[in-house]
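Here are the chains, one letter per residue:
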Amino acid sequence: MKSKSELRVAIIGGRIGGAAAAVALQRGGIRAEIFEQAPVIKERGRCWCWNASSICPLFKKWGIYDEIESKSYLM
């Protein structure tokens, strides 16, 4: 069996669930990589929105805000 540091996990989907899973895995010593089909992360329909007042503080806390911002349309 591989050690945690040797494990690699592919996460399909770069929205809040994928980001949260990647952060949790990486904090646990497991390499996680996110794959997202959309060229940028932005609002999609009425059910999803990157709301700056609610979600961006989490991304900043997790240390992934700058990378996500560079690939997104944050509101």
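Worth saying up front: this structure is predicted, and the values here are computed from it rather than measured.

Asker: Tell me about the overall build of the protein chain, residues and numbers included.
Answerer: When helices and strands are counted, the protein chain shows three helices and two strands. Counted from the first residue to the last, the protein chain has its helices and strands arranged as β-α-β-α-α. Within the span of the protein chain, comprising 75 residues, buried residues form 25% of the whole. For the protein chain, long-range pairs separated by at least 24 residues make up 51% of all intrachain contacts whose partners lie at least 6 apart in sequence. For the protein chain, the accessible surface area stands at approximately 5,500 Å², while carbon and sulfur atoms represent 55% of it.

Asker: Tell me about the pairing of strand β2 (residues 31–35), and please be specific about residues and values.
Answerer: Relative to β2, strand β1 (residues 8–12) is paired through five bridges, and the arrangement is parallel. Following the sheet pairing, Ala 10 is matched in β2 by Glu 33. Once you follow β1 into helix α1 (residues 16–27) and on to β2, the crossover reads as right-handed.

Asker: So what's going on with the packing of aromatic side chains? Residues and values would help.
Answerer: Summed over the entire model, instances satisfying the criterion amount to one aromatic pair. Relative to Trp 62, the ring of Phe 59 lies with its centre 6.0 Å away and its plane at 55°, an arrangement referred to as tilted. Separated by three residues within a single helix, Phe 59 and Trp 62 lie in helix α2 (residues 56–62), roughly one turn from each other. The exposure class assigned to Phe 59 is buried, which follows from its relative accessible area of 0%. It is Lys 60 that lies over the ring of Tyr 65; its NZ or CZ is 4.8 Å from the centre.

Cut-offs used in this document
Residues numbered from 1 in each chain as written. Predicted model: local features only at pLDDT ≥ 70, side-chain atom pairs only at ≥ 80, totals over all residues. Heavy atoms only, no water. Helix = DSSP H or I, 4+ residues; strand = E, 2+ residues; numbered from the N terminus. Buried < 20%, exposed > 50% of the residue type's maximum accessible area, 1.4 Å probe, protein only. Contact = heavy atoms within 4.5 Å. Areas by Shrake-Rupley, 256 points an atom, 1.4 Å probe, with all protein chains shown as cover. Pairing = 2+ DSSP bridges. Right-handed = clockwise from strand over helix to strand, strands pointing away. Phe/Tyr/Trp six-rings, centres within 6.5 Å; stacked < 30°, edge-to-face > 60°. Lys NZ or Arg CZ within 6 Å of the ring centre and 35° of its normal.

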